[in-house]
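# Reading the structure
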Amino acid sequence: MKKRFFYLFSLFILLLSVVCSCKDDNNELTPPESSPEITIPSSENLSPVLLQEGGTVSLSFTTTADWTASLVNTRAESWITVTPSSGSKGKNEITITATTNETYDERNATVVLKCGTVSKNIVVTQKQKDALTVTSSKYEVDSKGGNISVEVKANINFEVEVRADWIKQQTEKTRALTTSNLNFTIEPNETGDKREGEIIIKSGELSETVKVYQGFGDFITLTKKDFTIPEEGGNVDIEIKSTLGYEVKMLSDVDWITEIQSRAVSTHTHHYTISPNDTYDSRETKIVFYNPEDESVADTVTIRQLQKDAIVLAQNEYIMEAEGGTIEIKVDANVEYTVTTSDNWVKQITTRTLSTETLRFTITANESENQRAGSITLTGGDITKIIAIRQAGKDNTSGGIDDMPTQPW
């Protein structure tokens, strides 16, 4: 009995050991799975730019689980591919390939990397096909000149070069727009021959050439159309360029212009003498050179002559008593002038600069027994007028002023 008890007890201990061993095995923890993660080195470019000709760009990364790569917008599948499109955890690399961009617009696509619930975006940009065109490469302008508008279609910045001094660009424009209108002024053709000019529109290796052709017609033109002559007179040479015969007429009957010589050839000069202007007013006349068969073909020259500058005084000398007083000086002038006085005992009351005016001065009392002399000076341009002021001394009569030395003016 005792023997059997020890046998059963041993068996119980053995079973208990087995149960405890199994229980320990069941209590061992299973390590948790790692969270999804995408790691991209800082050296990688997440916004790559590809040339218009196309090409490839690679990007390396590391994930903690399986991953996929796809395009956000399926429309980009026509020009961009990503390989491989999926993979397992660890270090990986994808290659993005773009075909040639034959459009005139820049294009973009977004590649999204996904690893579980984590994602990273790679934004790919491809440059457009550069374009520079003009809607017309030839313009014809008549001899009178005028304006032309050149329409440029471009998606790049461009420059404009004009290869003719008779073609003037109205407004500088260098723009990167779909359509630009460049405006040019074509000057009248007074050469007597047809002429040709060029407008070059360029950007890098791209360029467009616009030809401008201008004809010629009958004309009469003056190389200089305005002359201003001093009052002393002088000579005027009027050069005419003409493709036909012409006549000359003066629009007003004047006697101060005399023609010295007249020739009628295709390029010639008319000589005129302008007489001195003895008046105090400026004068002007116009001379017309015209085609007698068609007076609309004409040109006009204007000749202006300055007046004779003058400052005219009613009186050049004033004699004052010792107690002083006020004097008035009448002045006629066709030039502006300034007024100065030689001494502080001669004081101007008003200062004006008009064609005709009266200047007023106060002469203070002479407290000295000696006579005194002063002056008022009017200066305008090259003209100087001096007015003498002579004043008797205190307790002297004006009769003694006659003995006063004359001032050197």
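Residues numbered from 1 in each chain as written. Predicted model: local features only at pLDDT ≥ 70, side-chain atom pairs only at ≥ 80, totals over all residues. Heavy atoms only, no water.

## Some details on the packing of aromatic side chains
Here is the rule: Geometry of aromatic contacts follows a simple scheme: Phe, Tyr and Trp rings, the Trp one being its six-membered ring, pair when their centres are within 6.5 Å, and the pair is stacked under 30 degrees between planes, edge-to-face over 60, tilted otherwise. We call a residue buried when its accessible area falls under 20% of the maximum for its residue type, exposed when it is over 50%, and partly exposed in between, using a 1.4 Å probe and counting protein chains only.
Here the structure, examined in full by the defined rule, presents 2 aromatic pairs. Geometrically, the ring pair formed by F61 and W67 is edge-to-face, given 5.0 Å between the ring centres and 85° between the ring planes. With relative accessibility at 2%, the residue F61 sits in the buried group. Classification of W67 as buried rests on a relative accessible area of 3%. Judged by centre distance (6.0 Å) and plane angle (65°), the ring pair of Y246 and F289 falls under edge-to-face.

## What about the sheet that holds strand β2 (residues 49–50)?
Note the following rule: Paired strands, as defined in this entry, are two strands with at least two bridges between them according to DSSP. The secondary structure listing takes helices from DSSP runs of H or I that are at least 4 residues long and strands from runs of E that are at least 2 residues long, numbered from the N terminus.
The sheet built from 5 strands is open, its strands ordered β2-β9-β8-β4-β6 with mixed pairing. The sheet terminates laterally at β2 and β6 (86–87), the two strands that pair on one side only. Bridge analysis of strand β4 (residues 67–71) against strand β8 (residues 107–115) gives 4 bridges, and the strand direction is antiparallel. Bridge assignment links L71 to a residue of β8, and that residue is V111.

## A few points about the pairing of strand β5 (residues 80–83)
Alternating positions in β5 separate cleanly, I80 and V82 being buried on one face and T81 and T83 remaining unburied on the opposite face. Here 4 bridges tie β5 to strand β7 (residues 90–98), and the two strands are oriented antiparallel to one another. Bridge pairing links T83 to T95 in β7.

## Some details on the sheet that holds strand β16 (residues 195–203)
Using the following cut-off: Where helices are involved, their axes are fitted lines through C-alpha atoms of the stretch in contact, as for all axes, and angles between N-to-C directions lie from 0 to 180°.
With mixed pairing, the 4 strands of this open sheet are ordered in space as β11-β17-β16-β13. Among the strands making up the open sheet, the edge pair consists of β11 (138–141) and β13 (159–162). For this sheet the average axis-to-axis angle between neighbouring strands, irrespective of direction, equals 20°.

## Digging into the layout of surface pockets
To keep it simple, the criterion reads: Of the grid points, spaced at 1 Å and generated over the protein atoms alone, those admitting a 1.4 Å probe that cannot get out make up cavities, while open sets with protein on both sides within 12 Å along at least five of seven lines make up pockets; any residue with an atom within 4 Å of a point is treated as lining. Grid points are joined across faces, edges and corners, and a volume is the space filled by probe spheres set on the points. Amino acid classes used here: Ala, Val, Leu, Ile, Met, Phe, Trp, Tyr, Cys and Pro are nonpolar; Asp, Glu, Lys and Arg are charged; the rest, including Gly, are polar.
Considering only enclosed or pocket space, the largest pocket measures out at about 210 Å³ in volume. What lines the largest pocket is simply S143, K144, P188, N189, E190, G217, D218, F219, I220 and T221. Among the residues making up the lining of the largest pocket, the classes are represented as 3 nonpolar, 4 polar and 3 charged.

## Here's the deal with the pattern of salt bridges
Inclusion rule: Salt-bridge detection follows one rule: a side-chain nitrogen of Lys or Arg within 4 Å of a carboxyl oxygen of Asp or Glu.
Counted under the stated rule, the structure contains 15 salt bridges. As a salt-bridge pair, R163 and E198 come within 3.6 Å of each other at their nearest N and O atoms. Remark: E198 occurs in strand β16 and R163 occurs in the loop between β13 and β14 (167–169); sequence separation between them is 35 residues. Several salt bridges share partner residues, and in doing so they unite E161, R163, E196, E198, K202 and K211 into one network.

## Digging into the confidence of the model for the chain
Stated formally: pLDDT expresses, on a scale from 0 to 100, how confident the predictor is about each individual residue. Contacts are residue-level and defined by heavy atoms, with any inter-residue pair within 4.5 Å sufficient.
Put simply, the chain has an average pLDDT of 84, and 83% of its residues get 70 or more. In this model, residues 404–409 is a region of pLDDT below 50 whose contacts with residues beyond four sequence positions or in other chains number 11 contacts.

## Describing the environment of W166
As for its position among the elements, W166 is in the loop between β13 and β14. With 18 residues separating them in the primary sequence, W166 and F184 have C-alpha atoms 10.0 Å apart. If we skip the residues at most four places from it in the chain, W166 touches T185, I186, E187, R195, E196, G197, V212 and Q214.

## Structural notes on the environment of E259
Going by this rule: Pairing of N or O atoms within 3.5 Å defines a polar contact, subject to two protein rules: one partner must be a possible hydrogen donor and the other a possible acceptor, and residues neighboring in sequence count only if both atoms are side-chain atoms.
For E259, the location among the structural elements is in strand β22 (residues 257–261). Separated by 22 residues in sequence, E259 and D237 place their C-alpha atoms 9.9 Å apart. Sequence-distant contacts of E259, defined by excluding residues within four places in its chain, comprise H270, H271 and Y272. Engagement of the side chain of E259 in a polar contact is seen with the side chain of H270, the distance being 2.7 Å.

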